[in-house]
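Notes for the structure review
Residues per chain, in single letters:
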Amino acid sequence: MPSPMGVVRHNWTRSEVEALFALPFNDLLFQAQTVHRQHFNPNEVQVSTLCSIKTGACPEDCAYCPQSARYDTGLEKERLMAIEAVVNEAREAREAGATRFCMGAAWRSPRAKDMDTVLGMVKEVKALGMETCMTLGMLDEQQAQQLAEAGLDYYNHNLDTSPEFYGEIITTRTYEDRLKTLENVRAAGMNVCCGGIVGMGEQEDDRIGLLLQLATMDIHPESVPINQLVRVEGTPLAEQEELDPFDFIRTIAVARIMMPKSHVRLSAGRETMNDQTQSLAFFAGANSIFYGEKLLTTANPEESRDMQLFARLGIEPEKYQVTEEEALSEPTVADQLAAQQFYEAAN
Ligand code: SF4
């Protein structure tokens, strides 16, 4: 007997997911929106800000990435930022309404000599009352533990695509390496942010394969970024054929149905989507965006455009979920106020 919709399951089969992808578009969206409403306020979207704390010169060969040292994309390299500069950006992001601050470094994995700086960033951004997230490449058990002890709430490490298509995109680290990092992050008690990219030339089978990997984990990633390829000149995927926007929306909808309690995030690629496509993505169950001028190194829709779209759709930024421990400690719910200001600024 099929399980009722909206129940959190970890035993999805390929044929079930194929059947979801094969649904008529309206039926799929109806299911996704129904599941979405069981677990979330459909008119709230989580707002995060992303800061590139170390840019470019990455030794990895991810075929989509302008930060790889192997591709000539004209990207300006930047060394690891100072803690103070990162905290200033976080404060500005908080004032603009972001409740989560994500810090990304273009590394294969963090070097021992950089760990103290990175841990300092986590502690100080956390002290601003924001949720913290980092993406630093592969982590061993000890590094994951150190980050967790510093107060890191989320670690982002994407699987990118299906295990079968993965070798077409990256050769310098294996799928197993990625799963191992995710395991270390979980073992250290942090939340997982993990998703992938669509539009890299993969088939629907690969989108199914990626979602199966994510939705059959013992605990679903709390955040699932679904990126649309940004075709950056100089990267091997610069000439990749454009993705049909409906295939992108279908992927969002199926992710929502398979991982009903996760935040599904519209990440890279949002700047090339028109307002209608973004709205459809929200209807399909996407409920998290990055807000800010830059999404690591690719352009992000201007902040005001996001605010205007939210206002036109009656969407409000999701309030930061204060934990019991935080509620009992000083300060604050400053982020909630900031979120309110963000919405008011849009009106
Ligand atoms: S995606 Fe990350 S690991 Fe891959 S090249 Fe870019 S910065 Fe490096």
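Structural notes on the packing of helix H3 (residues 83–95) against helix H4 (residues 115–127)
Two elements in contact, H3 and H4, have axes whose closest approach is 9 Å; the angle formed by their N-to-C orientations is 30 degrees. Considering their axes alone, H3 and H4 lie roughly parallel with respect to each other. For the pair H3 and H4, the sense of crossing is right-handed. Residues Ile83, Val86, Val87 and Ala90 of H3 lie in contact with H4, whose contacting residues are Thr117, Gly120, Met121, Glu124 and Val125. Looking at the contact of H3 with H4 residue by residue, the classes come out as six nonpolar, two polar and one charged.

Some words on the site of the ligand
The environment of the ligand is formed by Cys58, Glu60, Cys62, Tyr64, Cys65, Gln67, Ser68, Ala106 and Arg173. Across the shell around the ligand, the residue classes tally to five nonpolar, two polar and two charged.

Regarding the environment of Lys54
Topologically, Lys54 is positioned in strand E1 (residues 44–54). Separated by 82 residues in the primary sequence, Lys54 and Leu136 place their C-alpha atoms 9.3 Å from one another. When neighbours within four sequence positions are excluded, Lys54 is seen to be in contact with Gln67, Glu78, Arg79, Leu80, Gly104, Ala105, Ala106 and Trp107. At a separation of 2.7 Å, a polar atom in the side chain of Lys54 contacts the main-chain carbonyl oxygen of Gly56. Only 2.8 Å separates the side chain of Lys54 from the backbone oxygen of Ala106, close enough to count as a polar contact.

Describing the nonpolar core
Counting residues in hydrophobic clusters, the biggest one holds 93 residues, and the most contacted among them are Tyr64, Met134, Leu147 and Met258. Looking at this core element by element, the count peaks at eight residues for helix H9 (residues 245–258). Once you skip the residues sitting within four places of it in the chain, Met134 turns out to touch Ile53, Met103, Val118, Met121, Val122, Leu147, Leu152, Tyr154, Tyr155 and Asn156. Within the second largest apolar cluster, five residues are counted, among which are Leu50, Cys102, Cys133 and Phe290.

Considering helix H10 (residues 275–283)
Three or more residues of H10 are buried, namely Asp275, Thr277, Gln278, Ala281 and Phe282. Along the axis of H10, the buried positions cluster into a sector of 165 degrees, meaning they face one direction only. At the N-terminal end of H10, a side-chain oxygen is found 3.1 Å from the backbone nitrogen of Gln276, two or three residues along, and the residue is Asn274. Positive phi shows up at Gly285, right after H10, with a value of about 120 degrees.

A look at the side chain of Thr132
In this fold, Thr132 is placed in strand E3 (residues 131–135). Residues in contact with Thr132, not counting those within four places in the same chain, are Phe101, Met103, Val122, Val125, Lys126, Gly151, Leu152, Asp153 and Tyr154.

Points about the packing of aromatic side chains
Scanning all chains against the criterion turns up three aromatic pairs. An angle of 85 degrees between the planes, with centres 5.2 Å apart, marks the rings of Tyr166 and Tyr175 as edge-to-face. Here Tyr166 matches Tyr175 in class, with each residue buried. Both rings, one in Phe282 and one in Phe310, keep their centres 6.2 Å apart while their planes meet at 75 degrees; by these two values the pair is edge-to-face. Residue Phe282 is located in helix H10, and its partner Phe310 is located in helix H11 (residues 303–313); the two are separated by 28 residues in the primary sequence.

A short note on the pairing of E3
Across the five residues of E3, five count as buried, placing the element largely inside the fold. Every second residue of E3 is oriented toward a common face, with Glu131, Cys133 and Thr135 on one face and Thr132 and Met134 on the other, all of them buried. Taken together, the five bridges between strand E2 (residues 100–105) and E3 define a ladder with parallel strand orientation. Residue pairing in the sheet places Met103 in a bridge with Met134 of E3. Handedness of the crossover joining E2 and E3 through H4 is recorded here as right-handed.

Let's talk about the side chain of Ser68
By secondary structure assignment, the location of Ser68 is in the loop between E1 and H3. Separated by 2.7 Å, the side chain of Ser68 and the backbone oxygen of Glu60 make a polar contact. Not counting residues up to four positions away in its chain, the partners in contact with Ser68 are Cys58, Glu60 and Asp61.

Points about the pattern of salt bridges
If you walk through the whole model with that rule in mind, you get 13 salt bridges. Among the salt bridges present, the one from Arg9 reaches Glu16, with a minimum N-O distance of 2.9 Å. As a salt-bridge pair, Arg111 and Asp114 come within 3.0 Å of each other at their nearest N and O atoms. Taken together, the shared-partner salt bridges in this structure form one network comprising Glu60, Arg108 and Arg173.

Thresholds, definitions, all that
Residues numbered from 1 in each chain as written. Predicted model: local features only at pLDDT ≥ 70, side-chain atom pairs only at ≥ 80, totals over all residues. Heavy atoms only, no water. Axes fitted to C-alpha atoms, helices over the stretch in contact; angles between N-to-C directions. Helix = DSSP H or I, 4+ residues; strand = E, 2+ residues; numbered from the N terminus. Parallel < 35°, antiparallel > 145°, perpendicular 65-115°, else oblique. Left-handed = near helix turned anticlockwise from the far one by under 90°. Contact = heavy atoms within 4.5 Å. Nonpolar A, V, L, I, M, F, W, Y, C, P; charged D, E, K, R; others polar. Near = heavy atom within 4 Å. Polar contact = N/O pair within 3.5 Å; in protein donor to acceptor, adjacent residues only side chain to side chain. Core = buried A, V, L, I, M, F, W, Y, C linked by side-chain atoms within 4.5 Å. Buried < 20%, exposed > 50% of the residue type's maximum accessible area, 1.4 Å probe, protein only. Arc of directions from axis to C-beta. Phe/Tyr/Trp six-rings, centres within 6.5 Å; stacked < 30°, edge-to-face > 60°. Pairing = 2+ DSSP bridges. Right-handed = clockwise from strand over helix to strand, strands pointing away. Salt bridge = Lys/Arg side-chain N within 4 Å of Asp/Glu carboxyl O.

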